[in-house]
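# Summary of the model geometry
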Amino acid sequence: MPSRRRLLLAGGGAVLLAAPARRRALAVPAVVEVRMRSDPDGARVGFDPIGLKVAPGTVVRWVVEANLHTTTAYHPANGGHPLRIPQRAEPWDSDYLVEPGQRFEVVLTAEGVYDYFCTPHEMAGMVGRIIVGRPGGPGTRPPGDELPPAARAALPSIERIMAEGSVPLVGLNAQLIEYQRAQQLAYGSWEDN
Ligand SMILES: [Cu+2]
């Protein structure tokens, strides 16, 4: 059972064996949700909250509210984008999420700043920033020309995220309420690819 042995060793075997239920319960990872939002026209889109501070080991779950989106780490593996997540972190790319309620999760363990974007909406400034533990890594550098101007403008500052913990998306709420009232959650006519 090599996998079980590795697990025990990784966790410090004696501790895991000696303190079963309670310790396991405490180790259940926290989950935070980021909604992927859009107004009915697709003219205003965004991750909400756009800025988040989480503890190492947190599960981040993106959920589609309207329109179609991706959550994609700023990383050279993702279409040659600049590296703006910690060097030790694994890049992620959800691919297209197209149905309301569709979700994608990652577990973020390495401390530092994680910047990410939505593939079809990066030019429109649909980006987000998550700080795991303490800020560090390439995401702490001010973004330059390698990011579209709207993306640069949208990223909340590290200072604000550290101070507020969660930075909400602004500018969509009133339209979204109207949108949801009209029961138009399925959004199949995005044409700007
Ligand atoms: Cu999007």
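Residues numbered from 1 in each chain as written. Predicted model: local features only at pLDDT ≥ 70, side-chain atom pairs only at ≥ 80, totals over all residues.

### What about the overall build of the protein chain?
For the protein chain, the helix and strand inventory stands at six helices and nine strands. In the protein chain, buried positions account for 35% of the 193 residues. Contacts in the protein chain between residues far apart in sequence, at least 24 positions, make up 72% of those at least 6 positions apart. (Helix = DSSP H or I, 4+ residues; strand = E, 2+ residues; numbered from the N terminus. Buried ≥ 20, exposed ≤ 12 C-beta atoms within 10 Å, placed from the backbone. Contact = placed C-beta atoms within 7 Å.)

### Some thoughts on unusual backbone geometry
With omega at 0°, the peptide bond leading from D48 into P49 counts as cis. Positionally, P49 belongs in the loop between β2 (45–48) and β3 (51–54). At N67, a residue that is not glycine, the phi angle is positive and equals roughly 75°. With respect to the secondary-structure elements, N67 resides in the loop between β4 (58–64) and β5 (72–73). Owing to 27 C-beta atoms within 10 Å, N67 belongs among the buried residues under this scheme. Of note in the backbone geometry, D95 takes a positive phi value of approximately 65° without being a glycine. Mapped onto the elements of the fold, D95 is located in the loop between β5 and β6 (103–108).

### Points about the confidence of the model for the protein chain
Residues of the protein chain with pLDDT of at least 70 account for 75%, and the chain-wide mean is 83. This stretch, residues 1–19, has a pLDDT under 50; its non-local contacts, to residues over four places away or in other chains, come to three contacts. In the predicted structure, residues 183–193 sits below a pLDDT of 50 and forms 14 contacts with residues beyond four places in sequence or in another chain. (pLDDT = per-residue confidence, 0-100.)

### Quick word on the environment of A30
Along the chain, A30 turns up in the loop between α3 (21–26) and β1 (31–38). For A30, a count of 10 C-beta atoms within 10 Å translates into the label exposed. Taking the C-alpha atoms as reference, A30 lies 9.6 Å from V107; in sequence the two are 77 residues apart. Filtering out sequence-adjacent residues up to four positions away, A30 remains in contact with A55, T58 and V59.

### Considering the sheet that holds β2
Strand order across the open sheet formed by four strands is β2-β1-β4-β6, with mixed pairing between neighbours. The outermost strands of the open sheet, each flanked by one partner alone, are β2 and β6. Each strand of the sheet is rotated relative to its neighbour by a mean of 20°, with strand direction disregarded. (Pairing = 2+ DSSP bridges. Axes fitted to C-alpha atoms, helices over the stretch in contact; angles between N-to-C directions.)

### Structural notes on the sheet that holds strand β9 (residues 166–167)
Strands sit in the order β5-β7-β8-β3-β9 across an open sheet of five strands; the sheet is mixed. Single-partner strands in this sheet number two, and they are β5 and β9. Sheet topology places β3 next to β9; two bridges connect them, and they run antiparallel. Its bridge partner being in β9, G51 is matched across the sheet by V167.

### Structural notes on the pairing of β4
Only one face of β4 is buried, namely the one carrying T58, V60, W62 and V64, since none of V59, R61 and V63 on the opposite face is buried. Sheet topology places β4 next to β6; six bridges connect them, and they run antiparallel. Counterpart to W62 in the pairing with β6 is F104.

### Observations concerning the nonpolar core
Counting residues in each nonpolar core, the largest one holds 37 residues, and the members touching the most others are Y114, F117, V127 and I130. Mapped onto this core, the elements with two or more residues apiece are β1, β2, β4, β6, β7 (112–117), β8 (127–132) and α4 (149–154). Ignoring any residue separated from it by four or fewer positions in sequence, one finds F117 in contact with T72, Y74, E122, M126, V127 and A151. (Core = buried A, V, L, I, M, F, W, Y, C linked by C-beta atoms within 7 Å.)

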